[in-house]
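Structure at a glance
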Amino acid sequence: MNNTNTTNDWLFEITPKNKFFSLNLKEVWQYRDLLFLFVKRDVITVYKQTVLGPLWYLIQPLFTAITFTIIFNNVAGINTGNVPPFLFNLAGITVWNYFTACLNGTSDTFKANAGIFGKVYFPRIITPLSVVISNLIKFGIQFFIFIAFYCYYYIQGKDLSLNGSVLLFPLLILVMGILGLGLGMFISSLVTKYRDFSYLIGFGIQLLMYLSAVMYPMELIKQKLPGYGWIVEYNPLAYIIETSRYMLLNVGQISILGLCYTTIITIVVFFLGLLVFNKTEKSFIDTV
């Protein structure tokens, strides 16, 4: 009796990959049904046992925009030009929320899915990808609310107009999602060994929001604090927020150089996050 087995006896052989960088698009496509199930889980089950359900998608940006309008516009006196302050803030918050949702959802990938990862094989990158895609649906709901208020103010006679570059707005959101995905994968890999990072994420995001021109024009920080304006100028998220308001409200300015800088940073962060993510997935189960 011959007990010798060869690799030809098996349909698939699962082994650790030697490449540090591997996107596995072909394998992700083969597991597209699983990707769809994860997206469905993220969208439906998160608020399944809540009273208001998906309405939380709307409540959070509305109350935040109202708070920002009272504090930064009415009290601090930040001028938004011809654009109503509430609409100005709502535009920035809507785009910012997509980034934070992607970052928060992907930064806990290994820790939150350790039970699944330890039992069955599938391309691990499907999990953070599902977060980015499912958050696109949430972003679409919140963006619909922005459109509704835009139409309301327009009917009221406010001087509002779209910029012709608004057709490129989906590309801007894509860059925002990729940046959140790259940072999330990088942080998720660090959290497997250094749990302190999970406590710093919430604080870091709040601090980053104030440095990303979410509630004020970029030009204002240059005028008020010229010695610290460079901090905002080196933040790629600030250019995304500023450009989105320029596209949607025709207010502020667009910086081609700043957008090129943002795109380069996004690509570098994504590939760095993917490299660390692929390396961590081989041994994370021993440290989670």
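As a reminder, the structure under discussion sits directly above these lines.
Residues numbered from 1 in each chain as written. Predicted model: local features only at pLDDT ≥ 70, side-chain atom pairs only at ≥ 80, totals over all residues. Heavy atoms only, no water.

A few points about the environment of Tyr57
Structurally, Tyr57 is set in helix α3 (residues 56-75). Judged by relative accessible area, Tyr57 falls into the buried class, the value being 5%. Taking C-alpha positions, Tyr57 is 9.9 Å from Ile145, a pair spaced 88 residues apart along the chain. (Helix = DSSP H or I, 4+ residues; strand = E, 2+ residues; numbered from the N terminus. Buried < 20%, exposed > 50% of the residue type's maximum accessible area, 1.4 Å probe, protein only.)

Some thoughts on unusual backbone geometry
Not every positive phi belongs to a glycine, and Ala213 is a case in point at roughly 60 degrees. Among the secondary structure elements, Ala213 is positioned in the loop between α9 (196-210) and α10 (218-224). A positive phi angle is found at Asn250, which is not glycine, with a value near 55 degrees.

Focus: the environment of Ile137
Of note, Ile137 is situated in helix α7 (residues 126-155). According to the relative accessible area criterion, Ile137 is partly exposed, its value standing at 41%. When the C-alpha atoms of Ile137 and Val43 are compared, they prove to be 7.8 Å apart, with 94 residues separating the residues in sequence. Ignoring any residue separated from it by four or fewer positions in sequence, one finds Ile137 in contact with Val39 and Val43. (Contact = heavy atoms within 4.5 Å.)

Some points on the packing of helix α8 (residues 169-191) against helix α13 (residues 256-280)
Axis angle and axis distance: for two packed helices, these are the angle between their axes and the distance between the axes, and together they describe the pair. Remark: α8 packs on α13, axes separated minimally by 7 Å, with the N-to-C direction vectors making an angle of 35 degrees. Considering only the axes of α8 and α13, their crossing is left-handed. Contact residues: α8 offers Leu172, Val175, Ile178, Leu179, Leu181, Gly182, Leu183, Met185, Phe186 and Ser189, while α13 offers Leu259, Thr262, Thr266, Val269, Phe270, Leu272, Gly273, Leu274, Val276, Phe277 and Thr280. A class-by-class count of the residues in the contact of α8 with α13 yields 15 nonpolar, six polar and no charged. (Axes fitted to C-alpha atoms, helices over the stretch in contact; angles between N-to-C directions. Left-handed = near helix turned anticlockwise from the far one by under 90°. Nonpolar A, V, L, I, M, F, W, Y, C, P; charged D, E, K, R; others polar.)

Some remarks on the packing of aromatic side chains
One pass over the structure, following the stated rule, counts 14 aromatic pairs. Seen from their ring centres, Phe68 and Phe72 are 5.3 Å apart, and the 90 degrees between their planes marks the pair as edge-to-face. Note that Phe68 and Phe72 are positioned in helix α3 at a spacing of four residues, about one turn of the helix. Using a relative accessible area of 17% as the deciding quantity, one classes Phe72 as buried. Look at Tyr152 and Tyr153: their rings are 5.4 Å apart centre to centre, the planes differ by 70 degrees, and that puts the pair in the edge-to-face class. Assessed through its relative accessible area of 46%, Tyr152 is described here as partly exposed. (Phe/Tyr/Trp six-rings, centres within 6.5 Å; stacked < 30°, edge-to-face > 60°.)

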